[in-house]
Each structure stands twice: as structure tokens, then as C-alpha cells.
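# Architecture and fold: a report
Next come the chains, spelled out residue by residue.
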Amino acid sequence: MNALLETRRLTANYGDFQALFGVDIRLNRGETVAIIGANGAGKTTLMRSITGVLKNQADQVVHDGVEIGHLPADTIMKRGIAMVPEGRKLFPSLSVEENLVIGGQHKGGSDLGDRIDSIISRFTGAPDPMELAQGHDGRGYWSLDTIYELFPILRERRDNPGTALSGGQQQMVAIGRALMSNPDVILCDEISLGLAPIVIRDIYAALPKIKETGASVIVVEQDIGQAMAVADRVYCMMEGRVTLEGRPSEISRDDIHAAYFGAA
Ligand code: ATP
């Protein structure tokens with residue numbers, strides 16, 4: 001079976017510093033894959049490489065049979081790979097609904113397109129919302145209505161500034177914004193970071209519904225228990241390399257300990 005998304009001997013550098021050393025991961029259609037690893041293991045760098053924020057060789061990242069490693073980030077997003085970034089990164093001057101709308105497709109003449117135009121015309125800060133507005137082909141399940149069904153609290157808060165929400169609600173906005181482009185791959189970078197357990201539970205409760213609509217998911221998690229609970233397969237990274245791969249049911253605590261911290 002062809003993978004939906006694959007990295008092949010992926011390397012990444014920050015200047016002279018090499019952060020990834022030949023990383024192979026694979027996401028099959030319909031799967032949830034978790035990437036675990038300690039601070040600095042390279043998880044975020046892996047996400048940034050897949051989304052084209054960091055440049056690669058063409059053949060180091062393959063999506064749906066097409067080499068995408070050399071493509072710019074906005075082209076990769078249009079292909080259907082969406083990112084929920086670490087730290088949520090909402091647009092502070094926009095309302096909840098505007099943050100969601102900006103994640104949708106920019107289509108001239110459509111309601112959504114007109115709304116995005118009007119948001120952009122009064123938007124003054126970086127990053128460039130146009131980049132986020134150029135979504136996947138826009139057809140699919142996700143719209144403002146279906147995102148409000150997924151996270152009803154966001155409908156109540158739709159006119160609030162995104163930054164006036166609780167951390168958990170901001171995370172819901174960040175997930176909703178990514179879904180607005182109707183991606184077939186959604187990358188979630190540390191979505192439970194800094195949130196209370198009950199809030200994390202609510203956020204992860206949305207995952208089955210997201211998968212039902214056809215998206216495949218990669219979650220980056222520092223919480224090993226959470227990763228094991230949601231993932232079909234888990235990869236552990238350490239110092240820029242994959243140190244373990246397997247199904248949660250096949251991996252022992254000792255395996256994880258060794259792969260996460262290194263052999264004693
Ligand atoms: P965390 O859980 O802390 O986010 P991580 O597993 O996501 O960790 P990365 O953020 O990918 O790890 O970092 C991998 C390595 O690359 C680390 O050694 C880090 O210090 C380094 N690194 C990350 N970003 C940069 C950067 N912009 N410039 C230089 N080095 C960086």
C-alpha cells in the first residue's frame with residue numbers, strides 16, 4: 001500500500017547545525033500516527049520540514065505519490081497538508097470567526113473569499129494571512145458550521161478576539177483553522193501543551209470526528225500516555241533520529257524508555 005505521506009531519509013539543518021539525520025516516517029491513509037520524544041528531539045523540525053517551512057530535497061517528502069520536499073509552504077498547504085502549530089499562533093487582532101475564516105479557501109466571489117478579502121484589507125501584522133487563505137481545494141466537510149458543531153463553545157465566542165479565550169479554546173480555534181482548508185493530512189504539534197487534563201480530553205475527543213471526515217493525522221506529543229492512547233502507530237525520536245516505531249500494543253515501557261532517553 002502506498003503511504004499517504006512519507007519522509008525518506010529526511011535531513012534538516014539550521015545553518016551549520018544538523019537537526020534531522022535521515023528520518024523515515026510513514027502515514028497511511030486513515031491512520032493516526034504519534035511522534036514522541038523529549039525536548040529538542042527534532043519533532044517540530046520534522047513538522048516544519050513536511051510543511052515546507054524548512055527546505056528539503058524533493059524526494060525527501062512524498063505526499064500521495066508526489067515528491068513535495070522542494071515545494072513552497074503555500075503549495076504544500078494547497079495540496080491538503082495543514083498544520084496546527086505549537087503555541088496555536090492565532091492572529092491576535094482577529095475574532096474567533098475571522099481566525100477560522102482565514103484558514104479557508106480564498107475563492108473570488110464566494111462569501112468566504114469576500115470575507116477573507118475584507119479581513120486582509122484591514123490586517124496589518126505578520127505573518128501574511130494570504131498564505132493561510134490559500135487553502136486546499138476547499139471542497140469537503142469542514143465549514144464554519146461544521147467546526148461550530150465540533151466545538152460548540154466557539155460559536156458562542158465567535159465575535160471575541162481569539163486571544164481573549166482560554167488556552168483550550170484557543171487550541172480549538174487553531175484546530176478549526178487548519179480544518180477549514182479541508183486537509184487530507186493534519187499535523188498537530190503539541191496540542192496538549194500547557195492545558196489541563198480535562199481540556200486535553202475534550203480536545204482529543206474531537207479526533208475521531210476529524211478522522212471520520214477522511215483526514216489522516218500526525219500528532220506530536222510529549223505526553224507518552226496520550227500518544228499511546230490515540231495513535232495507531234507511534235514513532236519515538238531522539239537527537240534527530242527515529243529510535244523506535246511500532247503499534248502501541250507492541251511497544252513495552254522499557255522500549256519507550258530506551259528510545260526516549262537513550263540506553264542507560
Ligand atoms: P520541543 O519539544 O522542545 O519543541 P522538538 O523535538 O520539537 O522539541 P525541535 O524544536 O525540532 O525539537 O529542535 C531540534 C533541534 O534543533 C534542537 O537541538 C533545537 O535546539 C534545534 N533548533 C530548533 N529550532 C532551531 C532554530 N530556529 N535555529 C537553530 N536551532 C534550532
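Position labels on residues start from 1 in each chain and follow its written sequence. Local features in a predicted model are, by the rule used here, given only for residues with pLDDT of at least 70; side-chain atom pairs are given and counted only at 80 or more, and totals for whole chains, interfaces and linings are based on all residues. To get the side-chain values, take all heavy atoms of the structure and skip hydrogens and water.

An unreviewed UniProt entry annotates the protein as ABC transporter ATP-binding protein originating from Lutimaribacter marinistellae. UniProt positions are given in the numbering used here, feature names are shortened, and annotations may be inferred rather than shown by experiment. A UniProt comment under Sequence similarities (unreviewed entry) is attached to the protein, and it reads "Belongs to the ABC transporter superfamily."

Time to look at the site of the ligand. If even one non-hydrogen atom of a residue comes within 4 Å of a molecule or strand, that residue is called near it. Near the ligand lie 14 residues; those nearest to it are Gly-40, Gly-42, Lys-43, Thr-44 and Thr-45. Between N or O atoms, a polar contact is any pair within 3.5 Å; within protein, one atom must be a potential hydrogen donor and the other a potential acceptor, and residues adjacent in sequence are included only when both atoms are from side chains. The separation between an oxygen atom of the ligand and a polar side-chain atom of Lys-43 is 2.8 Å. Within the backbone of Thr-44, one N or O atom sits 2.8 Å away from an oxygen atom of the ligand. Using the Shrake-Rupley algorithm and a 1.4 Å probe, accessible areas are obtained, with residue cover drawn only from the displayed protein chains. Within the complex, the protein chains bury 63% of what would otherwise be the 630 Å² of accessible surface of the ligand. Elements that contribute at least two residues to the shell around the ligand include exactly β2 (17-27) and α1 (43-50). Counted by class, the shell around the ligand contains five nonpolar, six polar and three charged residues. The helix count covers DSSP runs of H or I at least four residues long, the strand count covers runs of E at least two residues long, and both are numbered beginning at the N terminus. The classification used treats Ala, Val, Leu, Ile, Met, Phe, Trp, Tyr, Cys and Pro as nonpolar, Asp, Glu, Lys and Arg as charged, and all other residues, Gly among them, as polar.

Strands are treated as partners if at least two bridges between them are detected by DSSP. Spatial ordering of the open sheet is given by β2-β1-β4-β5, a layout of four strands whose pairing is antiparallel. This sheet does not close on itself; its edge strands, each paired only once, are β2 and β5 (66-67). Sheet topology places strand β1 (residues 5-14) next to strand β4 (residues 61-63); three bridges connect them, and they run antiparallel. Bridge pairing links Thr-7 to Val-61 in β4. Strands β1, β2 and β4 of the sheet are contacted by α1, whose axis makes an angle of about 110° with β1. Residue contacts are counted whenever heavy atoms from the two residues lie within 4.5 Å of one another. Note on geometry: axes are C-alpha line fits, over the in-contact stretch for helices, and angles between N-to-C directions span 0 to 180 degrees.

Counting buried positions along strand β8 (residues 216-221) gives six out of six residues, so the element sits mostly inside the fold. Along β8, one buried face is formed by Ser-216, Ile-218 and Val-220 and the opposite face, lined by Val-217, Val-219 and Glu-221, is buried too. Of the strand pairs in this sheet, strand β3 (residues 32-36) and β8 are connected by five bridges, and their pairing is parallel. Paired with Ile-35 across the strands is Val-220, a residue of β8. Bridge count for strand β7 (residues 185-189) against β8 is five bridges, and the pairing is parallel. Only protein chains enter the accessibility calculation, which uses a 1.4 Å probe. A residue is then buried if its area is under 20% of the maximum for its type, exposed if over 50%, and partly exposed in between.

Further remarks concern the pattern of salt bridges. Where charged atoms from two side chains of opposite charge approach closely, those side chains can pair. Should a side-chain nitrogen of Lys or Arg be within 4 Å of a carboxyl oxygen of Asp or Glu, the pair is scored as a salt bridge. As enumerated under the stated definition, the model contains eleven salt bridges in all. Between Arg-158 and Glu-97 there is a salt bridge, with its nearest N and O atoms 2.9 Å apart. With Arg-158 in the loop between α7 (152-156) and α8 (167-179) and Glu-97 in helix α3 (residues 96-102), the pair connects residues that are 61 residues apart, well separated along the chain. The exposure class assigned to Arg-158 is partly exposed, which follows from its relative accessible area of 30%. What makes Glu-97 buried here is its relative accessible area of 8%. Of the charged contacts, one joins Arg-233 and Glu-245 as a salt bridge, the two residues approaching to 3.0 Å between their closest N and O atoms. Of this pair, Arg-233 sits in strand β9 (residues 233-238) while Glu-245 sits in strand β10 (residues 241-246); the two residues are twelve residues apart in sequence, bridging distant segments of the chain. On the basis of relative accessible area, Arg-233 is assigned to the buried category, the value being 7%. Exposure remark for Glu-245: the relative accessible area of 46% places this residue in the partly exposed category.

Note: β1 against β2, eight bridges, orientation antiparallel. Bridge pairing links Asn-13 to Gln-18 in β2. Two successive antiparallel strands, β1 and β2, enclose a turn made up of two residues, where Gly-15 displays a positive phi of approximately 60°.

Further remarks concern α1. A large share of α1 lies buried, amounting to six of its eight residues. Within two residues after α1, Gly-52 carries a phi angle of roughly 85°, on the positive side.

Here a cavity denotes a set of grid points, spaced 1 Å apart and computed over the protein atoms alone, in which a 1.4 Å probe fits but from which it cannot get out, and a pocket denotes an open set meeting protein on both sides within 12 Å along at least five of seven lines; residues with an atom within 4 Å of a point are reported as lining. Grid points are joined across faces, edges and corners, and a volume is the space filled by probe spheres set on the points. According to the stated counting rule, one finds one cavity of 30 Å³ or more in the structure shown. The computed volume of the largest cavity comes to approximately 60 Å³. Around the largest cavity, the lining residues are Ile-175, Ile-186, Cys-188, Ile-191, Ile-203, Tyr-204, Leu-207 and Ile-210. If you list the elements that add at least two residues to the lining of the largest cavity, you get β7, α9 (197-205) and α10 (207-212). Taken together, the residues that form the lining of the largest cavity break down as eight nonpolar, no polar and no charged.

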